[in-house]
Amino acid sequence: METIISKHNKKVTNESPTTTPDNTCNCRKKEECPLNNNCLTTSVIYNAHVTTNEDATGKDYIGLTEGTFKKRFTQHKQSFRNQKYANSTELSKYIWELKDKNKDYDIQWTIITSAKAYNNISKRCDLCLTEKLHIMKGNKDSLLNKRSEMISKCRHENKFYLMNNRTLSN
Ligand SMILES: [Zn+2]
Ligand SMILES: [Zn+2]
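Residues numbered from 1 in each chain as written. Chains lettered and ligands numbered in written order. Predicted model: local features only at pLDDT ≥ 70, side-chain atom pairs only at ≥ 80, totals over all residues.

Trainee: Please clarify how the environment of Lys-116 should be interpreted in this entry.
Mentor: Along the chain, the position of Lys-116 falls in the loop between strand S3 (105-114) and helix H4 (126-137). Lys-116 gets classed as partly exposed once you count the C-beta atoms within 10 Å, which come to 15. As for Lys-116 and Leu-129, which are separated by 13 residues in sequence, their C-alpha atoms are 9.9 Å apart. The contact partners of Lys-116, leaving out residues within four places of it in the chain, are Ser-43, Ser-122, Asp-126 and Leu-127. (Helix = DSSP H or I, 4+ residues; strand = E, 2+ residues; numbered from the N terminus. Buried ≥ 20, exposed ≤ 12 C-beta atoms within 10 Å, placed from the backbone. Contact = placed C-beta atoms within 7 Å.)

Trainee: Help me understand the sheet that holds strand S2 (residues 59-68), please; the structure alone is not making it clear to me.
Mentor: Within a sheet, each strand pairs with its neighbour through backbone hydrogen bonds, oriented either parallel or antiparallel. Spatial ordering of the open sheet is given by S2-S1-S3, a layout of three strands whose pairing is antiparallel. Looking at strand neighbours, the two that pair on one side only are S2 and S3, the edges of this open sheet. Taking the axes of each pair of neighbouring strands and ignoring which way they run, one obtains an average angle of 25° across the sheet. When strand S1 (residues 42-52) meets S3, the two strands line up antiparallel, connected through nine bridges. Within S3, the position partnered with Ile-45 by the bridge is Thr-113. Sheet strands touched by H4: S1, S2 and S3. Its angle to S2, the strand with the most contacts, is close to 175°. (Pairing = 2+ DSSP bridges. Axes fitted to C-alpha atoms, helices over the stretch in contact; angles between N-to-C directions.)

Right under this line is the structure:
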């Protein structure tokens, strides 16, 4: 029995990853990960910092996602490529402005903080509250987010109850 355990331990030790584990980043090219190999992080408020040759100070866009950052990032990317989605966010609107002027841009993605979305224990959505707080605190001159986003309703509360109802009816 001891031999089996020690063999098992040895196997586990040998499998300890030398590269980034797939549960924090699933980018095929790890060096191209938008978030330093942490793109699979969930339930976060993130910042997109956009700079151009003529604007080294840059502009900021604050967003949130309940799912993985990677999924939201992919949607943003699509909105920069496909004109159909050009108006989907204030960020994509700005990127298309730059593209129309043939300006090269660079986007730096960072996580501001993580927060929990609505659940029936807390009965509030810290994810939405925290995003609003950061938009409020942000520098008005460089922030792309519109004040009107401050009054947008939380999507996570409805989603929470929809998901639970589905579970009950199954
Ligand atoms: Zn990644
Ligand atoms: Zn919410």
